[in-house]
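Descriptive structure summary
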Amino acid sequence: MNIILLGPPGAGKGTQAARLVERYGMRQLSTGDMLRAAVKAETPTGLRVKAIMEAGELVSDDVVSTLISEELVALPQTVGIIFDGYPRTAAQARQLDEILARHHRKLDRVVELEVDEDALVERITGRFTCAHCGAGYHDKFKLPKNALHEDEPLRCDHCGSTDFKRRPDDNEETVRTRMAEYRAKTAPILPLYEERGIVVRVDGMADIDIVTQQIERVLGL
Ligand code: AP5
Ligand code: MG
Ligand code: ZN
């Protein structure tokens, strides 16, 4: 099964994709994660996109579609894909159709996470991740388990690291730009998928576990 997780910044795309990967052996392809890795490694692409990402604007369609296309080459046909944060424009949606056709894959479902934008700013500004293994946390909604022991330094539930980091684009001003980009360029691609009858919706404002259950239900997992 190949699916798109669609929703504005902070909707929970990364959080839910990680669960589908863990439970069903699917593969998450997040253009945001790929771009951040390129920035960190200071590749030519990374150097080109760094300032754009920090401003919360979209990088060019060709850059992200090339990244996706390269990942697909190495992926066995039997592994289902979760597209996270891609496609984000009408041009990318067309490019994805071409890429999938080349790999004899079809798009089964587009899962839209329906959320209330005002709540997303709090979600995003409270987000942090383990610097060692990448596990995601939140100051209010998902602290590491040892946060109950106030005298101890926070420890990652998965790998035990005490080293955490925050994204440079997770400040309120940039989040507003990212949301405006979503509204202007990404939300308008939904009707395209609606015409194909493959859009399913879940309530992204529910608790993280409930959202996962809803996604499993709409995908028939
Ligand atoms: P990207 O990395 O894709 O960022 P985004 O779309 O802004 O989405 P986020 O990763 O912020 O949110 P998410 O939905 O994954 O939420 P999460 O699960 O972490 O893109 C970053 C940048 O890269 C873009 O701005 C652009 O510059 C560039 N880019 C990337 N792809 C591109 C493309 N295709 N084209 C052009 N440019 C591209 O959850 C957020 C927080 O909330 C977490 O702390 C989590 O614990 C918490 N949380 C999650 N679910 C819940 C819940 N149900 N209840 C309470 N808390 C929750
Ligand atoms: Mg994400
Ligand atoms: Zn960790």
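Remember, it's a predicted structure, so these values are computed and weren't measured experimentally.

1. Considering the sheet that holds strand β7 (residues 164-165)
With antiparallel pairing, the three strands of this open sheet are ordered in space as β6-β5-β7. Lying at the two open borders of the sheet, with one neighbouring strand each, are β6 (136-138) and β7. With three bridges joining them, strand β5 (residues 127-130) and β6 adopt antiparallel strand pairing. Its bridge partner lying in β6, Arg 127 is registered against His 138.

2. Observations concerning the coordination of the zinc ion (ligand 3)
Only Cys 130 (SG), Cys 133 (SG), Cys 156 (SG) and Cys 159 (SG) from the protein coordinate the zinc ion (ligand 3), and they sit 2.3 to 2.4 Å from it. Each of the four donor atoms bound to the zinc ion (ligand 3) contributes to angles spanning 100 to 115°, and the resulting shape is tetrahedral. All donor residues of the zinc ion (ligand 3) come from one chain, and their arrangement in sequence is C-x2-C-x22-C-x2-C. Residue Cys 130 is classed as buried on the basis of its relative accessible area, which comes to 1%. Overall, the relative accessible area of 41% leaves Cys 133 in the partly exposed class.

3. With respect to the site of ligand 1
Lining the immediate surroundings of ligand 1 are 34 residues, of which Thr 15, Glu 57, Arg 88, Arg 127 and Arg 178 lie closest. At a separation of 2.9 Å, an oxygen atom of ligand 1 approaches a polar backbone atom of Gly 14. In this structure, an oxygen atom belonging to ligand 1 sits 2.5 Å away from a side-chain N or O atom of Thr 15. Protein coverage of the free-state accessible area of ligand 1, which is 1000 Å², stands at 95%. When contributions to the shell around ligand 1 are tallied by element, the ones reaching two or more residues are α1 (13-24), α2 (31-41), β6 and α9 (208-219).

The rules behind the values
Residues numbered from 1 in each chain as written. Chains lettered and ligands numbered in written order. Predicted model: local features only at pLDDT ≥ 70, side-chain atom pairs only at ≥ 80, totals over all residues. Heavy atoms only, no water. Pairing = 2+ DSSP bridges. Helix = DSSP H or I, 4+ residues; strand = E, 2+ residues; numbered from the N terminus. Donors = N, O, S within 2.8 Å, 3.2 Å for Na, K, Ca; no water. Tetrahedral: all angles 85-135°; square planar, octahedral: opposite > 155°, others 65-115°. Buried < 20%, exposed > 50% of the residue type's maximum accessible area, 1.4 Å probe, protein only. Near = heavy atom within 4 Å. Polar contact = N/O pair within 3.5 Å; in protein donor to acceptor, adjacent residues only side chain to side chain. Areas by Shrake-Rupley, 256 points an atom, 1.4 Å probe, with all protein chains shown as cover.

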